[in-house]
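Here is what each chain is made of, one letter per residue.
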Amino acid sequence: MIERVLKKIFLTDNVFLLEISRSNREDILLGQFASIKTSLKDKILRRPFTIVRNEKNSITFLIKVVGSSTESIGNFDKGDFVDILYPLGKGFKENLDYENTIFVGGGIGIAALIPFLRNVKYKLIFGDREGEYEEVLKYFSLKGLHCQEKKGKFKGYPTDFLNRYDFDTIVGCGPKVMLKSLKDYSVKNDKKFYAVYEEVMGCGVGLCNGCSVKTEDGDFIKLCTEGPVLDGKRIVYD
Amino acid sequence: MTDLKVKIGKTTLKTPVIGASGCSGWGLELSKFNDFDRIGGFVTKSITLKKKIGNENPRIREVYGGILNSIGLENNGVEYFVENILPQIKNYKCAKFLNLAPFSKDDLFSMIKILDRNEGFDGYEVNISCPNITNKKVNFNSSFDDSKKLLKGVRDLTEKTLLLKLSPSYNESFKIAEFAEKEGFDGISFTNTYIGTLVDVEKREFVFKNIQAGFSGPAIKPLSLFNVYKMVKSVKIPVIGIGGILNLNDLLEFLIVGATACQIGTGVLIKPDILEELSRSLEEYMKEKKIKNIKEIIGSIKERL
Ligand SMILES: Cc1cc2nc3c(=O)[nH]c(=O)nc-3n(C[C@H](O)[C@H](O)[C@H](O)COP(=O)(O)OP(=O)(O)OC[C@H]3O[C@@H](n4cnc5c(N)ncnc54)[C@H](O)[C@@H]3O)c2cc1C
Ligand SMILES: Cc1cc2nc3c(=O)[nH]c(=O)nc-3n(C[C@H](O)[C@H](O)[C@H](O)COP(=O)(O)O)c2cc1C
Ligand code: FES
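Residues numbered from 1 in each chain as written. Chains lettered and ligands numbered in written order. Predicted model: local features only at pLDDT ≥ 70, side-chain atom pairs only at ≥ 80, totals over all residues. Heavy atoms only, no water.

Chain B has the name Dihydroorotate dehydrogenase in an unreviewed UniProt entry, where candidate division WOR-3 bacterium is given as its organism. UniProt's Catalytic activity (unreviewed entry) comment on chain B is quoted here verbatim: "(S)-dihydroorotate + A = orotate + AH2". Listed in UniProt under the heading Function (unreviewed entry), the comment for chain B reads: "Catalyzes the conversion of dihydroorotate to orotate." (UniProt positions renumbered as here; feature names shortened; annotations may be inferred.)

What follows is the structure, encoded as structure tokens:
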């Protein structure tokens, strides 16, 4: 599919918002993602990104520059063509009881939580190592406990603040170490845990088994077709 | 009428464009992106006799000009395939080849015996060239003698189209192909990935747990093109050209040096609808150049001696 860039804004030095046209009328479910192909010669594979907002005529991404593809996408200008496949992944269809759910985001992992946090009352802990996501939270009007590793009012890791809340379900997205400690916490305290997981992808559409995630029972599941929202207690984070 | 049909063994392909093994899934996902009435066909992921768990992560890394993969033949085994997957794909209108990855002669014979009782596919691609198998005993492609023993008698088990998939990383492949031809195989799929590796400089470790991985994508095209050309000279049965094909020009190059058909691997991962797109653009090219039959292209290389 080819879409066009409608808007691009850098919210921080290296995190930007990309809004593009939406010609695909298929329903977009919570947790689904898109994969974008850049025209870089040294990066031939597509790159996956969560669809953080979907409107009738547009979809939006929140992207952090970490390498050359994300850098090149960051250089898109209004009107540019975007080679993209969407919606991909199995949408999240469970009914969440928001009263009893805590959302835990770390860094750019917040992107995957944004679609869950629209027009509802929610509880959120957001871990922001360097304190660089202020503008992102503002832009999406996200409210919650905003912690930083070494400074600020809430000093520490997101998991340090879990016991301030009542909940029976965790939805988390962020670095593997964070997800791993959320798993340990959930196992110990008998909570339900949904992890929005990331793995390097080959095709993003179920053809190559490149995105397999190892599970506790010694098997593998394909993230791109079974995820990206997975039972976080089943995953082996290594 | 522009005729794009080619014949390999008993199988007629509507176009010479086939999805390669490991990059076409079971065909199910591919069917959402391609009109199967307008492509040649696809080869399934590798099937093993018993369920096989895949390799530990990482499984895929992108490098300059291509990708390295270490998937490790992940699949649920032949019985599962027959019961759960074949019924879903048997009515697809393109050619379907089952890629078989044997660990022994018994494995191979058992798989074909089980599968051959069923309808709904066109043939087998026997894969003795998986780059992610490090156990010497089952690395048939590295030894002419082991390959001979493995392949002897396979023809007697089936009437269906029989292909052999070979690795470019072993010189034995040419001799093995000649042997397969004598044994009655209908075609040679060449090339599988090149064996390569990748180092994590920070950690001073190999990136892949198996050390080695299979290298594919645009960077291998000149290598595979030459290998396919050599293979076409070595055997009379059809050669299916594989390696780094991403566009019409790449496809034409393989056909011109004599490949009867081509498979696309990495290209499908990047562009899941590439099989239909290449089939269409090949037809348009032929119309524009007033080429009536694909046979006018296949092997049409002018050699200056
Ligand atoms: C389902 C899914 C949803 C995602 N959603 C978002 C999102 O909404 N916003 C966002 O900014 N990023 C998201 N990512 C991560 C994003 O895909 C990677 O950051 C991107 O592919 C990096 O490409 P690059 O060429 O710029 O970097 P590269 O040069 O390829 O890599 C730079 C660094 O990023 C790491 N990396 C590469 N690919 C991935 C990956 N798939 N996951 C995690 N780390 C990776 C590499 O190991 C390396 O350390 C998502 C990933 C997945 C799997
Ligand atoms: C992710 C991936 C998985 C693969 N798995 C298999 C496999 O299971 N069996 C096989 O015969 N070849 C496998 N291959 C090799 C391809 O079928 C093909 O021979 C090779 O990639 C070269 O073609 P390409 O450059 O068009 O990708 C795989 C390739 C890739 C990239
Ligand atoms: S990325 Fe290819 S199967 Fe998931």
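From this point, the discussion proceeds with the structure in view.
1. Describing the environment of phenylalanine 36 of chain B
Residues and elements named next belong to chain B. Mapped onto the secondary structure, phenylalanine 36 falls in the loop between β3 (17-19) and β4 (41-47). Taking the C-alpha atoms as reference, phenylalanine 36 lies 34 Å from serine 147; in sequence the two are 111 residues apart. The contacts of phenylalanine 36, once residues within four sequence positions are left out, are Lys14, Gly27, Leu30, Ser31, Phe42, Tyr92, Lys93 and Cys94. (Helix = DSSP H or I, 4+ residues; strand = E, 2+ residues; numbered from the N terminus. Contact = heavy atoms within 4.5 Å.)

2. Let's talk about empty space enclosed by the protein
Residue and element names in this part refer to chain B. A complete count under the given rule lists five cavities of 30 Å³ or more for this structure. Quantified by volume, the largest cavity comes out at close to 530 Å³. As for the largest cavity, its lining consists of 35 residues, and the residues nearest its centre are Ser21, Gly22, Cys23, Asn69 and Asn192. Of all the elements in the fold, those that place two or more residues in the lining of the largest cavity are β4, β6 (66-69) and α7 (266-270). Element by element, the count of residues in the lining of the largest cavity is highest for α7, at three residues. (1 Å grid on protein atoms, 1.4 Å probe; cavity = no way out; pocket = protein on both sides within 12 Å on 5 of 7 lines; lining within 4 Å. Points joined across faces, edges and corners; volume = space filled by probe spheres on them.)

3. Notes on the layout of surface pockets
Here the second largest pocket defines a volume of roughly 660 Å³. Asn209 and Lys222 of chain A together with Trp26, Asn76 and Tyr80 of chain B are the residues nearest the centre of the second largest pocket, which is lined by 27 residues in total. For the lining of the second largest pocket, the elements supplying multiple residues, two or more each, are β14 (220-222) and α5 (223-226) of chain A together with α1 (78-89) of chain B. When residues of the lining of the second largest pocket are assigned to their parent elements, the largest contribution, five residues, is made by α1 of chain B. Class assignment for the residues of the lining of the second largest pocket results in eight nonpolar, eight polar and eleven charged. (Nonpolar A, V, L, I, M, F, W, Y, C, P; charged D, E, K, R; others polar.)

4. Some thoughts on the packing of aromatic side chains
Tallying each qualifying case throughout the model produces 18 aromatic pairs over all chains. On the basis of an interplanar angle of 90° and a centroid distance of 6.4 Å, the ring pair of phenylalanine 144 of chain B and phenylalanine 179 of chain B is categorised as edge-to-face. Residue phenylalanine 144 of chain B is found in helix α3 (residues 144-151), and its partner phenylalanine 179 of chain B is found in helix α4 (residues 172-183); the two are separated by 35 residues along the sequence. Judged by its relative accessible area of 13%, phenylalanine 179 of chain B falls in the buried class. Summarising the aromatic geometry, the rings of phenylalanine 226 of chain B and tyrosine 229 of chain B are spaced 6.1 Å apart at their centres and angled 40° between planes, so their arrangement reads as tilted. Of this pair, phenylalanine 226 of chain B and tyrosine 229 of chain B are both found in helix α5 (residues 221-234), three residues apart, which corresponds to roughly one turn of the helix. Among the residues examined, phenylalanine 226 of chain B registers a relative accessible area of 49% and is labelled partly exposed. An aromatic cluster is defined as three or more aromatic residues linked by ring pairs; in this entry it consists of Phe92, Tyr98, Phe103, Phe116 and Tyr194 of chain A. Above the plane of the ring of phenylalanine 220 of chain A lies arginine 59 of chain B, whose end atom (NZ or CZ) is 4.4 Å from the centre. (Phe/Tyr/Trp six-rings, centres within 6.5 Å; stacked < 30°, edge-to-face > 60°. Buried < 20%, exposed > 50% of the residue type's maximum accessible area, 1.4 Å probe, protein only. Lys NZ or Arg CZ within 6 Å of the ring centre and 35° of its normal.)

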